[in-house]
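The primary structure of each chain is shown beneath.
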Amino acid sequence: MGAFRLQALVANTKQLIKHNNKHQRDVPKGYLAVYVGEIQRKRFVVPLSYLDQPFFQDLLQRSEEEYGFNHPMGGLTIPCCEEAFVRLTTQIHVS
């Protein structure tokens, strides 16, 4: 993915976060809510620092390809299975 495209993807994600944080008071500052799952979606609250992680950026790209920036859950929806997301975030957290 080109650097410009990645910057635009992260910028669009940050805009979505700002919009959703106004409506989701239970998300602490410095975190974002994401919905993960292929059929039934589960809500996770993750640190904004994940946006800098290459693995998470890959998920953002997949999300953009699947949904554009019109997410059906009203928040950032990531199209992957819950188990894979948990493994990925565990790897990010440990490193």
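Draft legend 1. Representation of the overall build of the protein chain. Of the regular secondary structure elements, the protein chain holds three helices and three strands. Shown N-terminal to C-terminal, the secondary structure of the protein chain runs as helices and strands in the order α-β-β-α-β-α. Counting every position in the protein chain, which comprises 95 residues, the buried fraction comes to 38%. Considering only contacts within the protein chain whose residues lie at least 6 apart along the sequence, 53% involve residues at least 24 apart. Put simply, the protein chain shows about 6,100 Å² of open surface, and 52% of that area lies on carbon and sulfur atoms.

Draft legend 2. Summary view of the pairing of strand 2 (residues 42-47). Where strand 1 (residues 31-36) and strand 2 come together, six bridges link them in antiparallel fashion. Each bridged residue has a counterpart across the sheet, and for Y31 the counterpart in strand 2 is P47. In textbook terms, the turn of a hairpin is the stretch between consecutive antiparallel strands, and for strand 1 and strand 2 this stretch comprises five residues, one of which, G37, has a positive phi near 145°.

Draft legend 3. Focus on the confidence of the model for the protein chain. Of all residues in the protein chain, 66% have pLDDT values of 70 or greater, and the mean over the chain is 76. Taking the mean pLDDT of every element in the protein chain, the minimum, 57, falls on helix 1 (residues 3-23) and the maximum, 91, on strand 2.

Cut-offs used in this document
- Residues numbered from 1 in each chain as written.
- Predicted model: local features only at pLDDT ≥ 70, side-chain atom pairs only at ≥ 80, totals over all residues.
- Heavy atoms only, no water.
- Helix = DSSP H or I, 4+ residues; strand = E, 2+ residues; numbered from the N terminus.
- Buried < 20%, exposed > 50% of the residue type's maximum accessible area, 1.4 Å probe, protein only.
- Contact = heavy atoms within 4.5 Å.
- Areas by Shrake-Rupley, 256 points an atom, 1.4 Å probe, with all protein chains shown as cover.
- Pairing = 2+ DSSP bridges.
- pLDDT = per-residue confidence, 0-100.

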